[in-house]
Amino acid sequence: MATITFDKVRKVYPLPSHPTSLFHRRKEKDEGEVVAVKDFSMEIKDNEFVVLVGPSGCGKSTTLRMIAGLEDITSGSLYIDGVLVNDVEPKDRDTAMVFQNYALYPHMSVYDNMAFAIRKRNKDKAEVDKAVREAAEILGLTHFLDRKPKELSGGQRQRVAIGRAIVRKPKVMLMDEPLSNLDAKLRNQMRSEILSLRKRIDATFVYVTHDQTEAMTLGDRIVVMKDGEVQQIGTPDEIFSFPRNLFVATFIGTPEMNIMVGDAVKDDGKWFLLLGSRRFPLGNRFSSFLEGKGGNIIRVKVGIRPEDVKINTKEDTFHGSVLVSERLGSSISLHMEWNGREVVALTEEKDENHVAKVFDRDEKVSFSFSVEDIHLFDATTDGNLLWEENNG
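Read on for an overview of the structure. Quick caveat: nothing in here was measured; it's all calculated off a predicted structure. (Residues numbered from 1 in each chain as written. Predicted model: local features only at pLDDT ≥ 70, side-chain atom pairs only at ≥ 80, totals over all residues. Heavy atoms only, no water.)

Thoughts on the sheet that holds strand β19 (residues 364-368)
Here's step 1: Sheet architecture is open: five strands sit in the order β15-β19-β16-β17-β18, paired in antiparallel fashion. Every interior strand has two partners, whereas the edge strands, β15 (310-311) and β18 (341-347), have only one.
Here's step 2: Where strand β16 (residues 318-328) lies against strand β17 (residues 331-338), seven bridges are found, and the strand directions are antiparallel. Of the residues in β17, the one forming a bridge with V324 is H335. (Pairing = 2+ DSSP bridges. Helix = DSSP H or I, 4+ residues; strand = E, 2+ residues; numbered from the N terminus.)

So, the nonpolar core
Here's step 1: Core analysis: the largest hydrophobic core is formed by 48 residues, its most contacted members being M114, I162 and M173.
Here's step 2: Among the elements that line this core, the one with the most residues is helix α4 (residues 125-139), at six residues.
Here's step 3: Among the nonpolar cores identified, the runner-up in size contains 33 residues, and L290, V309, F318 and I332 belong to it. (Core = buried A, V, L, I, M, F, W, Y, C linked by side-chain atoms within 4.5 Å. Buried < 20%, exposed > 50% of the residue type's maximum accessible area, 1.4 Å probe, protein only.)

Concerning the sheet that holds strand β13 (residues 278-281)
Here's step 1: Strand order in this open sheet of five strands is β13-β12-β11-β14-β20, and the pairing throughout is antiparallel. Strands at the two margins of the open sheet, each flanked by one partner only, are β13 and β20 (375-378). If you compare each strand with its neighbour and ignore which way they point, the axes differ by 40° on average.
Here's step 2: The sheet contact formed by strand β14 (residues 297-304) and β20 spans four bridges and is antiparallel. Paired with K301 across the bridge in β20 is F377. (Axes fitted to C-alpha atoms, helices over the stretch in contact; angles between N-to-C directions.)

Concerning the environment of T63
Here's step 1: Locating T63 in the fold gives a position in helix α2 (residues 60-68).
Here's step 2: For T63, the contacting residues outside a window of four places in its chain are F6, V37, F40, L52 and M225. (Contact = heavy atoms within 4.5 Å.)

Brief notes about the packing of helix α5 (residues 154-166) against helix α6 (residues 184-200)
Here's step 1: Close contact between α5 and α6 brings their axes to 11 Å; oriented N to C, the two are set at 20°. Classified by the angle their axes make, α5 and α6 are roughly parallel. Between α5 and α6 the crossing geometry is right-handed. Packed against α5, whose contacting residues are G155, Q158, R159, I162 and I166, the element α6 presents L186, Q189, M190, E193, I194 and L197 at the interface.
Here's step 2: Along the lines of polarity and charge, the residues of the contact of α5 with α6 split into six nonpolar, three polar and two charged. (Parallel < 35°, antiparallel > 145°, perpendicular 65-115°, else oblique. Left-handed = near helix turned anticlockwise from the far one by under 90°. Nonpolar A, V, L, I, M, F, W, Y, C, P; charged D, E, K, R; others polar.)

Considering the environment of N188
Here's step 1: The topology assignment puts N188 in helix α6.
Here's step 2: Measuring from C-alpha to C-alpha, the distance between N188 and E214 comes to 8.8 Å, with 26 residues separating the pair along the chain.
Here's step 3: One polar contact links N188 to R191, side chain to side chain, over a distance of 2.4 Å. (Polar contact = N/O pair within 3.5 Å; in protein donor to acceptor, adjacent residues only side chain to side chain.)

Overview of the pattern of salt bridges
Here's step 1: In this structure the tally under the stated criterion is 16 salt bridges.
Here's step 2: Here K11 and E71 are joined by a salt bridge, their closest N and O atoms 3.7 Å apart. Residue K11 is located in strand β1 (residues 4-14), and its partner E71 is located in the loop between α2 and β4 (75-80); the two are separated by 60 residues in the primary sequence.
Here's step 3: Accessibility expressed as a relative area gives 8% for K11, which makes it buried.
Here's step 4: When the shortest N-O distance is used, the salt bridge between E134 and K169 registers 3.8 Å. With E134 in helix α4 and K169 in the loop between α5 and β7 (172-176), the pair connects residues that are 35 residues apart, well separated along the chain.
Here's step 5: When its relative accessible area of 58% is taken as the criterion, K169 is described as exposed.
Here's step 6: A single network of salt bridges, built from pairs that share partners, joins K11, R65 and E71. (Salt bridge = Lys/Arg side-chain N within 4 Å of Asp/Glu carboxyl O.)

Some remarks on the packing of aromatic side chains
Here's step 1: The tally for this structure, following the rule as stated, stands at 11 aromatic pairs.
Here's step 2: Centre to centre, the rings of F247 and F251 are 5.5 Å apart; their planes meet at 20°, and the pair counts as stacked. With F247 and F251 both in helix α9 (residues 246-251), this residue pair falls four residues apart, about one helical turn.
Here's step 3: Of the residues examined, F247 reaches a relative accessible area of 18% and is grouped as buried.
Here's step 4: Overall, F251 belongs to the buried group, its relative accessible area being 19%.
Here's step 5: Note on F318 and W338: the rings are 5.2 Å apart at their centroids and 75° apart in plane angle, and the pair reads as edge-to-face. Of this pair, F318 sits in strand β16 while W338 sits in strand β17, placing them 20 residues apart in sequence. Of the two residues, F318 and W338, both sit in the buried class.
Here's step 6: Over the aromatic face of F240 sits the side chain of R305, whose NZ or CZ is 4.1 Å from the ring centroid. (Phe/Tyr/Trp six-rings, centres within 6.5 Å; stacked < 30°, edge-to-face > 60°. Lys NZ or Arg CZ within 6 Å of the ring centre and 35° of its normal.)

A word on unusual backbone geometry
Here's step 1: For the bond running from T254 to P255, omega is -10°, close enough to zero to count as cis.
Here's step 2: With respect to the helices and strands, P255 occurs in the loop between α9 and β11 (258-267).
Here's step 3: The phi torsion at Y102 lies on the positive side, around 70°, for a residue other than glycine.
Here's step 4: Even without glycine at this site, E177 takes up a positive phi of about 45°.
Here's step 5: Looking at the secondary structure, you find E177 in the loop between β7 and α6.
Here's step 6: Residue classification places E177 among the buried positions, given a relative accessible area of 12%.

Structure below.
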């Protein structure tokens, strides 16, 4: 088995002396140190594909490097297959890592780059050759084994980097933003290849990215991080449909979730949402939490996904003016100004030629959404009201 268990793992860097450093801007006040990862706890299952996602500087790569043994753990415990590895050397952890910049030896052939690590383990020549050629076949590199890295495309170089890792047959495969240097077409292609790869090799994957599309398409589970702290752990569907807080809600999803400010109001024993000039009955969905808040008027932030915003509807409508109309193939990303805020809708409305309609700037449009599709967030804590109700 290749389980990975984090038990309150923490990574702290001493504060550099230079007052303009990035560390000074991120430091925890009065502690004289930088907390890069704060009390990280989770268990990654055998053969699971877990993606760590978040903005730059959130601690995801540091977490990955602690698994590899490339960063020391300040406190807490890290286990691989039930064995405490806090003080185990990287070479003895049975992990392999794929880096963002490929890290290939430019003077070596593809074959020698892939063979290098297992040759260092004193494997015999036949065993090395078999491992390299099996990996090359899986990754479509058989015809490139005699070439040097400079003769390959970016996607081919990344395949070589992955091949160099899998020839070792590690229990744990670590990938640190491996697709970030590729163009959009190659990224899409390599995502498919990584999905295919994980089905063909017996390893647990931990993958780091800042790209939420990669996270949603690759991960069995996703760990969303911000400022060194875990914001939410869940399946792609759980993260998208039931975000724990406003950060997760707006980070996951393209275009990002619309956020508006309104009031939950209790009237004659029933709860309503007041948003602009509109009033929506909330029914029983949010009532339990709202009752627990106390008072009859509660300030809330309302989240609605762009795909749930309907354009040019006749009932329960809001009225806005077009800011930008972006064509996205068969759909349009429509940015509208409403009540001093920008609201984005994804629409597949067709024009008279049956192609996606492009709206003119300042064109007046009406839009609506179902109250069943909204998310309500506490205006003070930014927590999802339903999450707090169901998870304490």
